[in-house]
Amino acid sequence: TNLIKTKQDEIKDGLDVFEEQTRQQVKNVCKEYCLELINELKIREEFSNIDLEDMTQTGYITPKGAISSKGKLEVESRVNLKLSLQNRTDMRIMQLENECFKSGLQIPLNKEHIQGFLFDDDVNYKTKLDNLINAEIKRNERVAELARQEAEQKVREEIKQEQLQT
């Protein structure tokens, strides 16, 4: 029985190695196709981190080692999600200046101001953007009020100086 057990273990180990190599081959084929799509669709580096580690099913490649239609669909789906995220982000950044001017800000916010919530869903993004714009408007009003008070104080000081000189 030890001879049989030893032979079974050898076969099992060989099978494990073969299965791991097959999984690695499937991932590599999917990654190659993913890179082609990223380049073709001009997805920027910041959006190109697409996780394909779970794509190890043998159904994702053909017997000849090419990517199957099932594999293509899955990779395309993941790439398209990143492409839509990239497009949505670009649109938000382009519309940011208009939103600021519509709200009455003379100096618009930029990407750095909204970086913390840029990738939120639409409802949260809109709420947080509105809150940020309102806070910026209030801050600008406070700065303008302080500048006005400072100017008034300066005029009073000048008047006092003139009165003292005469």
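Rules and cut-offs
- Residues numbered from 1 in each chain as written.
- Predicted model: local features only at pLDDT ≥ 70, side-chain atom pairs only at ≥ 80, totals over all residues.
- Heavy atoms only, no water.
- Salt bridge = Lys/Arg side-chain N within 4 Å of Asp/Glu carboxyl O.
- Helix = DSSP H or I, 4+ residues; strand = E, 2+ residues; numbered from the N terminus.
- Buried < 20%, exposed > 50% of the residue type's maximum accessible area, 1.4 Å probe, protein only.
- Polar contact = N/O pair within 3.5 Å; in protein donor to acceptor, adjacent residues only side chain to side chain.
- Contact = heavy atoms within 4.5 Å.
- Axes fitted to C-alpha atoms, helices over the stretch in contact; angles between N-to-C directions.
- Parallel < 35°, antiparallel > 145°, perpendicular 65-115°, else oblique.
- Left-handed = near helix turned anticlockwise from the far one by under 90°.

(A) Up close: the pattern of salt bridges. Within this structure, the stated rule accounts for 19 salt bridges. In this structure, E53 engages K27 in a salt bridge whose closest nitrogen and oxygen atoms are separated by 3.0 Å. Of the two residues, E53 sits in the loop between helix 1 (2-41) and helix 2 (69-103) while K27 sits in helix 1, which places them 26 residues apart along the sequence. A relative accessible area of 42% places E53 in the partly exposed class. Given a relative accessible area of 12%, K27 falls into the buried group.

(B) How the structure looks around the side chain of Q86. Relative to the elements of secondary structure, Q86 occurs in helix 2. In this structure the side chain of Q86 is engaged in a polar contact, spanning 2.8 Å, whose partner is the backbone nitrogen of R44. Once residues within four sequence positions are removed from consideration, Q86 is found in contact with K42, I43, R44 and F47.

(C) Quick peek at the packing of helix 1 against helix 2. As a packed pair, helix 1 and helix 2 sit with axes 10 Å apart at the nearest point and diverge in direction by 40°. By the angle class used here, helix 1 and helix 2 are oblique. By crossing handedness, the relation of helix 1 to helix 2 is classed as right-handed. Contact with helix 1, carried on its side by C30, Y33, C34, L37 and L41, involves K72, V75, E76, V79, N80 and L83 of helix 2 and no other residues of that element.

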